[in-house]
Protein chains: 2
Amino acid sequence: MNIAVAQSGGPTCAINASLVGVFRQALKTQGIDAVFGSKCGIEGIIGDDLIDLKRVIRTNEDMELLRQTPATVLGSCRYKLPECTYEDNNGAEIYDRIFGVLDKHRIEALFYIGGNDSMDTVQKLSEYATRIGSGIRFIGIPKTIDNDLPVTDHTPGFGSAVKYVCASVQEIIRDSSVYSFDSVTIIEVMGRHTGWLAASSCLLRANEEVAPHLIYLPESEFSTERFLEDVRAECAKHRAVIVAVSEGIELDISGVRSGVSDNFGHMYLSGVGRALEQLVRDEIGCKVRSIELNVMQRCSSHICSKTDIDEAEAIGAEAVKAAMRGETGVTMVFRRISDKPYVVTIESADTALMANKEKFVPREWINVAGNNISDEAIKYFLPLIRGEVDIKMRNGMPVHFKM
Amino acid sequence: MNIAVAQSGGPTCAINASLVGVFRQALKTQGIDAVFGSKCGIEGIIGDDLIDLKRVIRTNEDMELLRQTPATVLGSCRYKLPECTYEDNNGAEIYDRIFGVLDKHRIEALFYIGGNDSMDTVQKLSEYATRIGSGIRFIGIPKTIDNDLPVTDHTPGFGSAVKYVCASVQEIIRDSSVYSFDSVTIIEVMGRHTGWLAASSCLLRANEEVAPHLIYLPESEFSTERFLEDVRAECAKHRAVIVAVSEGIELDISGVRSGVSDNFGHMYLSGVGRALEQLVRDEIGCKVRSIELNVMQRCSSHICSKTDIDEAEAIGAEAVKAAMRGETGVTMVFRRISDKPYVVTIESADTALMANKEKFVPREWINVAGNNISDEAIKYFLPLIRGEVDIKMRNGMPVHFKM
């Protein structure tokens, strides 16, 4: 039998490690012949744009380089499959096309590495397979820096993003604290609907940092009035106040909301960090700077978490084992057995539990004022950033695997 | 005799390494007793706010941690000493105060780590010493991520900034290239008047990257019309176009210039990256994103250059030797003997050659179209980012030295 693997959704540092996990396990598995890579997620299957991975990933060194290469070596997509129910046969053409291409290449299992949107693809394809009596197995492998997938303890890619955020926030604390005058620094962290990544900045406390002094997540209602009170209170206590804020908080002021257009129809293009910077400047008047950690949060492989990369590879390998056991319509998940020592097992779970669903930061980790995170959360986050990958460098720069 | 050391101007990854250089050399030098650290640059001398560094930097491990800690452990300032000439005795009070504090603590040499503004302080103090017949020596130790100091081949702090910029731009290239549609990514790099840091992104070519496809510096006149033509031409050749741009380029369009206020008196707060992003969106219409590398360029010690940190320490040590030889009113500089093998010597130069002066990227490195950098520049930049510091980690995060 042949198998195929695809990568979908937003980039992370760990997606290629999961690809390596699938590939390495396939090499070890009797009965698996070709391992195809689908270009740009499901689009590669639809367009019959497949790569024989054994021809491009040739050595163990290639696999090691792939593990330290961010984003998706096979490309990605944001393609959403049409609904295809018994009642409504719309879109059957696209499913026929997909199954036609899979059959043509004798592909009996498709591994789909992605987030909650991508799990929708896995679920629809496995349902369609049941409907038409196809034996092709569809297995989801989670990834997202947002850590917002239900069922799994955490998602591959998240730990490396946390490690980058914590290292960078700590460095920004040093950078912001050099002058003798008062200042406020607002750091905007990714997370459209959930605040996992912003919350993880509480980890700096494990290394005796007091900052960030304030942490705001989309899980708590945000009030600009209370925000200004909070900042004023922290300014009274600290010379350099550091604020971490999720990009997804809903601002309750007009005109500064992200993406709001002005009277000329021009977009302001300001994220929440910039909007809050302007607010502090106008209302408090001290020196203020906002910093958007931007895509560096999801692609800074040079400071990836070894735990994350190793787990991402392991969960890819387990997906192959699940397929060989005949499972389909499942997504691989981590179950945490203990924090100390940190032990996780990898299991499979019904993809329907994850497709298009979100997991939020537990309410009990957020303080009553909605402006900070409890120490309880540190136990959860800490193991995820442990360890460093020995990054291969050339000319003083990390080496990336390129096809 | 006692000596003092101070740090001034904007943070870098290498200023604390130069402090270690001064400190370690002082420990080895017969005749030097106390080593004082002045809090917040010259402000610490003026305010008699000195720290006995032997009481706070106690072990070799402390020095190693200090070498990997970004920004300025002693704080910094942007203080400009008043003019104090024979003709105009204004400001003599502040000079009397400074020399009074230095004499009180038997400080016979002050080492001032800073950029071109800070060298102004060194020059004024050494001139004043001559005028009043004081034997106190004033030695400048350069630092700036901008690399804009004349005389010296390069500045400590620059190499680490280049290493961060190159690693991050390479990761952004991977991140930007995953989708099957056309996109433009604009990366805004620090450099108000000179484009050294943006130019250094050409180094990625040494690792077989084609991007950045376009590089704009303040040294060339910028035309939005030509910029749009350039971007259109690159879009015809590449799916994911990457542009590196110095924050200091002068935009020739109104309304989007950084810091321009709108009709309501609100500042747009957009840097050039964001302004160019808007321009591409309006005029070309493809997917476009701008990324500001922001202060992470100057404080990301977790990926500092070993060459840079070692040189920063060495130049601090040489400053102590120069003072012991009786030199004053000088700034330590690197002279490059050869690129391959990379050999630099450390010498002293008249501070007047550097104070308030700038060095620009050579015109011959910039192509005729003013939108890219020649391979010639690679030879210059490459040695500066070589080598990695073995960063001490705790709980998965770099450890910083704190007083």
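The structure presented is a predicted model; accordingly, all values stated were derived computationally and were not measured. (Residues numbered from 1 in each chain as written. Chains lettered and ligands numbered in written order. Predicted model: local features only at pLDDT ≥ 70, side-chain atom pairs only at ≥ 80, totals over all residues.)

**Brief notes about the overall build of chain A**
- Regarding its fold elements, chain A presents 13 helices and 13 strands.
- Relative to the 2.2 N^0.38 estimate, which gives 22 Å for 403 residues, the radius of gyration of chain A is 23 Å and therefore close to what a compact globule would have.
- A total of 403 residues make up chain A; the buried ones form 57% of that total.
- In chain A, the proportion of contacts linking residues at least 24 apart, taken out of those at least 6 apart, comes to 77%. (Helix = DSSP H or I, 4+ residues; strand = E, 2+ residues; numbered from the N terminus. Rg over C-alpha atoms; globule rule 2.2 N^0.38 Å. Buried ≥ 20, exposed ≤ 12 C-beta atoms within 10 Å, placed from the backbone. Contact = placed C-beta atoms within 7 Å.)

**Describing the relation of the copies chain B and chain A**
- Screw-axis analysis of chain B against chain A gives a translation of 0.0 Å along the axis, an RMSD of 0.0 Å, and a rotation angle of 180°. With respect to symmetry, the two chain copies, as superposed, fit the operation of a two-fold axis.
- Looking at the interface residues of chain B, 100% of them are also at the interface in chain A, so both copies use one shared face. (Least-squares fit on C-alpha atoms with pLDDT ≥ 70 in both.)

**Quick look at helix α1 (residues 15-28) of chain B**
Residue and element names in this part refer to chain B.
- Look at α1: 20 Å from first C-alpha to last across 14 residues, which is about the 20 Å you get at 1.5 Å a residue.
- The buried count for α1 comes to 11 of 14 residues, which makes it a mostly enclosed element.
- For α1, the complete set of buried residues consists of Ile15, Asn16, Ala17, Ser18, Leu19, Val20, Gly21, Val22, Phe23, Gln25 and Ala26. (Expected span 1.5 Å × (residues − 1).)

**Some details on the sheet that holds strand β6 (residues 183-189) of chain A**
Residues and elements named next belong to chain A.
- Spatial strand order, β7-β8-β6-β9: 4 strands in an open sheet with parallel pairing. What marks the edges here is a single partner per strand, and that holds for β7 (214-216) and β9 (287-292). Looking at each pair of strands side by side, their axes are set apart by 15° on average, direction ignored.
- Strand contacts of helix α9 (residues 224-237): β6, β7 and β8 (240-246), with the helix running at about 150° to β8, the strand carrying the most contacts.
- Sitting on the sheet, helix α10 (residues 272-283) is in contact with β6, β8 and β9, with an inclination near 175° to β9. (Pairing = 2+ DSSP bridges. Axes fitted to C-alpha atoms, helices over the stretch in contact; angles between N-to-C directions.)

**As for the interface of chain B and chain A**
- The interface of chain B with chain A comprises 52 residues on the first partner and 52 residues on the second.
- Counting residues per element, the side of chain B that touches chain A draws most heavily on helix α7 (residues 158-176) of chain B, at 9 residues.
- Along the lines of polarity and charge, the residues of the side of chain B that touches chain A split into 23 nonpolar, 18 polar and 11 charged. (Nonpolar A, V, L, I, M, F, W, Y, C, P; charged D, E, K, R; others polar.)

**Some remarks on unusual backbone geometry**
Residues and elements named next belong to chain B.
- With an omega of -5°, the peptide bond between Ala211 and Pro212 qualifies as cis.
- Note that Pro212 resides in the loop between α8 (196-199) and β7 (214-216).
- Between Lys340 and the following residue, Pro341, the backbone shows a cis peptide bond with an omega angle of 0°.
- Even without glycine at this site, Asn147 takes up a positive phi of about 60°.

**Structural notes on the environment of A:Gln297**
Residue and element names in this part refer to chain A.
- With respect to the helices and strands, Gln297 occurs in helix α11 (residues 296-299).
- Overall, Gln297 belongs to the buried group, with 22 C-beta atoms counted inside 10 Å.
- Ignoring any residue separated from it by four or fewer positions in sequence, one finds Gln297 in contact with Ile145, Ala161, Tyr164, Val165, Val189, Met190 and Leu197.

**Details of the environment of B:Ala349**
All names here are of chain B.
- For Ala349, the location among the structural elements is in strand β11 (residues 342-350).
- Through-space distance from the C-alpha of Ala349 to that of Asp117 is 16 Å; in sequence the pair is 232 residues apart.
- Once residues within four sequence positions are removed from consideration, Ala349 is found in contact with Val151, Val330, Thr331 and Val333.

**Describing helix α10 (residues 272-283) of chain B**
All names here are of chain B.
- For α10, built from 12 residues, the straight-helix expectation of 16 Å at 1.5 Å per residue is met to within 8% by its first-to-last C-alpha distance of 16 Å.
- Judged by how many residues are buried, α10 sits mostly within the fold: 9 of 12 residues are covered.
- All of the buried residues in α10 are Val272, Gly273, Arg274, Ala275, Leu276, Glu277, Gln278, Leu279 and Val280.
- Just downstream of α10 lies Gly285, where phi reads positive at about 90°.

**Observations regarding the confidence of the model for chain A**
Residues and elements named next belong to chain A.
- On average, chain A scores 94 in pLDDT, and the residues at 70 or more come to 94%.
- For the stretch residues 255-269, pLDDT sits under 50, and the model shows 20 contacts to residues farther than four places along the chain or on other chains.
- Across the interfaces of the predicted complex, the ipTM metric reaches 0.95, alongside a pTM of 0.96. (pLDDT = per-residue confidence, 0-100.)

**Re the packing of α1(B) against helix α4 (residues 60-67) of chain B**
Residue and element names in this part refer to chain B.
- Where α1 contacts α4, the two axes come as close as 7 Å, and the packing angle between them is 150°. Taken as axis vectors, α1 and α4 run roughly antiparallel relative to one another. Residue-level contacts link Asn16, Ala17, Leu19, Val20 and Arg24 of α1 to Met63, Leu66 and Arg67 of α4.
- Along the lines of polarity and charge, the residues of the contact of α1 with α4 split into 5 nonpolar, 1 polar and 2 charged. (Parallel < 35°, antiparallel > 145°, perpendicular 65-115°, else oblique.)

**Some remarks on the sheet that holds strand β10 (residues 330-339) of chain A**
Residues and elements named next belong to chain A.
- On the basis of which strands lie adjacent, the open sheet formed by 7 strands has the order β3-β2-β1-β4-β5-β10-β11 and mixed pairing. This sheet does not close on itself; its edge strands, each paired only once, are β3 (50-52) and β11 (342-350). Between one strand axis and the next, the sheet turns by 30° as a mean value, whatever way the strands run.
- The pairing of β10 with β11 spans 9 bridges and is classified as antiparallel. Paired with Arg336 across the two strands is Val344, which belongs to β11.

**A word on the domain arrangement of chain A**
Residue and element names in this part refer to chain A.
- Each assigned domain of chain A is listed here: domain 1 (2-157 + 300-357) and domain 2 (161-297).
- Here the C-alpha centre of domain 2 lies 35 Å away from the C-alpha centre of domain 1.
- Of the residues in the side of domain 1 that touches domain 2, the class split is 3 nonpolar, 5 polar and 2 charged. (Domains from an automatic or database assignment.)

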